[in-house]
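Read off the chains here:
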Amino acid sequence: DLGSFGTPQFPVFFTPQSFIGRTSGFNSYRNYAFNSDNIKYYDTKSPYIELLVYLGGGNRNLVDVGFSRNVNENWNLGFDLSKITTNKQLAPQNQTDRQVVGTSFVGYTHYKNSKFPYEAMAYYASMSHKVAEIGGARPTSDSLQTDFFLFDNALVRLEEAQSTTKNNRLHVNQSYQIADQFQLYHIFDYEKETNNYQDFIGTTGPNNYDLYRDFYDEFLIDPDSTNEDSTMTTLSNEVGIKGDLSSVFYRFYARLRSVKWNYLLYNPGEDVVESYLGGYVRFNWRDKFAVKGNAEYLVGGDYDLEGSLSSDLINVKYRTTRYQVPFIYSDYFGNHHEWHNNFKPVFTNQLTGQVNLGFKFFEVHPKASVTSYNNFLYFNEQIDPVQSNDVFISSIGGDFNLRLFNRKEEGWHLENEVLATNVSGGAAEFVRLPDIFYNGRYFWRGNWFNDLIPVEFGIDLHARSSYFANAFAPEIQQFYVQNEQEGFGYAAADLFVNMRV
């Protein structure tokens, strides 16, 4: 991220895109929204309340409130409300000068008929995430890198800029069981995603730095103000069959998806209609191991194939995809950028494996992965989208855990995760990630006060090697390659105490 909670995010380790159809490519704030994978449905019988409050230094806070209750024995209603507030860590004007204000809401329902085999789950989710874009710290000279760490006294590159991301989704999943091993189901999805960026000419800072005109490389529409806006609307219907055959679960489906995409000042073309065919099979054998297979085909040539084997001893997964280029890479026109590209679909292969070795006091989980990209996409130093040649990313490492405890299983735990990564191939110089990445957690776990209060106390460690991490272009919400500022190799330690009452 950009150093504070709620700011744009980019994966440290590159992962293949999980969706093979057309997407917007505006993913920097997507993790702050609710999605289908992390929404829970309840059958509570009585009212249920969940409250989570996180208070962090520098007024970085998260509050999450959840409520669920049954209307009757067959029908449940609930909601979850989450709010993020983060003050500016650089050059705040006052004690309540916000950098991030994000609100996410989801209302959900679950219904299961007791007289005939019909079941339905649905939710409506919305997110509004507003960020004051400061453009990063601005050094007063090329040689004084300590200027990056002045915090309250730092100079920033933007003062009037603001990003706003909004997302609204409606999801309905209903099924009808015809036989014990056979169900018909239907899934309806609607999503509207909007991204807005605004900036206006303001004052001139120290050293005659213009807090508007000196930040951007060019002005295609207006030299005094910027208003960028994009909207993507998708509508999807999926129908299929699913069921359990002894130890085998299966699901086969067809999906029709329509996509509408446009910018404030530019319409890139006609609406897109996508047709999918897919299937999923899972086999479990006596809780000893599980085999899973997943296949999805987008009519026109794109696909997603995945197979995995998991057991107490090993976990192996292979995945190959060919997915469509996100809209932001293909066409764009705004105040500071314009491009129109005819890029090819991206092709990826990924193989991961892990071995699980457990002893009384010691656990070892060696793991390795290899990932290849063909037609790799990235933004270069000039903040232009580029499609390059092949990239090959290989990683090796694992988890190494030691436990020293007594008969009550109270005692010290030493948990370590180490990952060494190498990048090769024609586009290797444009893939930036640390060669060495480490997480450690050394702590004591037990119970105090006559075994009534579970307690942990210890230290969290993180270390990584230096690398030229990507920079961020707020006007298009994209991370891009840079060679000016190296992210220092460092180690960080946090003391912690956890108690559960």
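Now for a quick tour of the structure. Just so it is clear, the structure is predicted and the values come from calculations on it, not from any experiment. (Residues numbered from 1 in each chain as written. Predicted model: local features only at pLDDT ≥ 70, side-chain atom pairs only at ≥ 80, totals over all residues. Heavy atoms only, no water.)

The next thing to look at is the overall build of the protein chain. Within the protein chain one finds one helix and 27 strands. Radius of gyration (C-alpha) of the protein chain: 25 Å, near the 23 Å computed for a compact globule of 501 residues. Structurally, the protein chain occupies a C-alpha span of about 75 × 60 × 50 Å along its principal axes. Taken over 501 residues, the protein chain has a buried fraction of 41%. Here the analysis covers contacts within the protein chain between residues at least 6 apart in sequence; of these, 60% occur between residues at least 24 apart. Carbon and sulfur atoms make up 54% of the accessible area of the protein chain, which totals about 26,700 Å². Between the centroid of the 41 positive side chains of the protein chain and the centroid of its 59 negative side chains there is a distance of 10 Å. (Helix = DSSP H or I, 4+ residues; strand = E, 2+ residues; numbered from the N terminus. Rg over C-alpha atoms; globule rule 2.2 N^0.38 Å. Buried < 20%, exposed > 50% of the residue type's maximum accessible area, 1.4 Å probe, protein only. Contact = heavy atoms within 4.5 Å. Areas by Shrake-Rupley, 256 points an atom, 1.4 Å probe, with all protein chains shown as cover. Lys, Arg positive; Asp, Glu negative; His and termini not counted. Charge placed at Lys NZ, Arg CZ, Asp CG, Glu CD.)

Turning next to empty space enclosed by the protein. By the definition in use, this model includes three cavities of 30 Å³ or more. Size it by volume and the largest cavity reaches roughly 90 Å³. If you go around the largest cavity, the residues you meet are F26, S28, Y29, R30, A33, M127, T165, N167, R169, E193, N195 and Q477. Elements represented by at least two residues in the lining of the largest cavity include exactly β6 (162-179) and β7 (182-200). Its residues assigned to classes, the lining of the largest cavity comprises four nonpolar, five polar and three charged. Computed from the structure, the second largest cavity encloses a volume of approximately 80 Å³. (1 Å grid on protein atoms, 1.4 Å probe; cavity = no way out; pocket = protein on both sides within 12 Å on 5 of 7 lines; lining within 4 Å. Points joined across faces, edges and corners; volume = space filled by probe spheres on them. Nonpolar A, V, L, I, M, F, W, Y, C, P; charged D, E, K, R; others polar.)

Take the packing of aromatic side chains next. Considering all chains together, one arrives at 37 aromatic pairs under this definition. Measuring from centroid to centroid gives 5.2 Å for F13 and F437, while their planes differ by 80°, and the two rings are edge-to-face. Of this pair, F13 sits in the segment before β1 (48-56) while F437 sits in strand β23 (residues 436-448), placing them 424 residues apart in sequence. Its relative accessible area of 22% is what places F13 among the partly exposed residues. An angle of 55° between the planes, with centres 4.9 Å apart, marks the rings of F472 and F479 as tilted. The structure contains a cluster of three or more aromatic residues connected by ring pairs, namely F26, W261, Y263, Y266, F327, Y329, Y332, W339 and F379. (Phe/Tyr/Trp six-rings, centres within 6.5 Å; stacked < 30°, edge-to-face > 60°.)

Following the sequence through the fold, D199 ends up in strand β7. A polar contact is formed between the side chain of D199 and the backbone nitrogen of A161, at a distance of 3.3 Å. Look past the residues within four positions of D199 in its chain and what remains in contact with it is L158, E160, A161, Y212, Y216, S225 and T226. (Polar contact = N/O pair within 3.5 Å; in protein donor to acceptor, adjacent residues only side chain to side chain.)

Turning our attention to the environment of S104. Position of S104 among the secondary structure elements: in strand β4 (residues 98-112). Between the C-alpha atoms of S104 and F34, which are 70 residues apart in sequence, the distance is 7.0 Å. Beyond its immediate sequence surroundings of up to four residues, S104 is in contact with Y32, A33, F34, D80, L81, S82, S126 and M127.

Function cannot be inferred from these measures alone, as they are strictly geometric.
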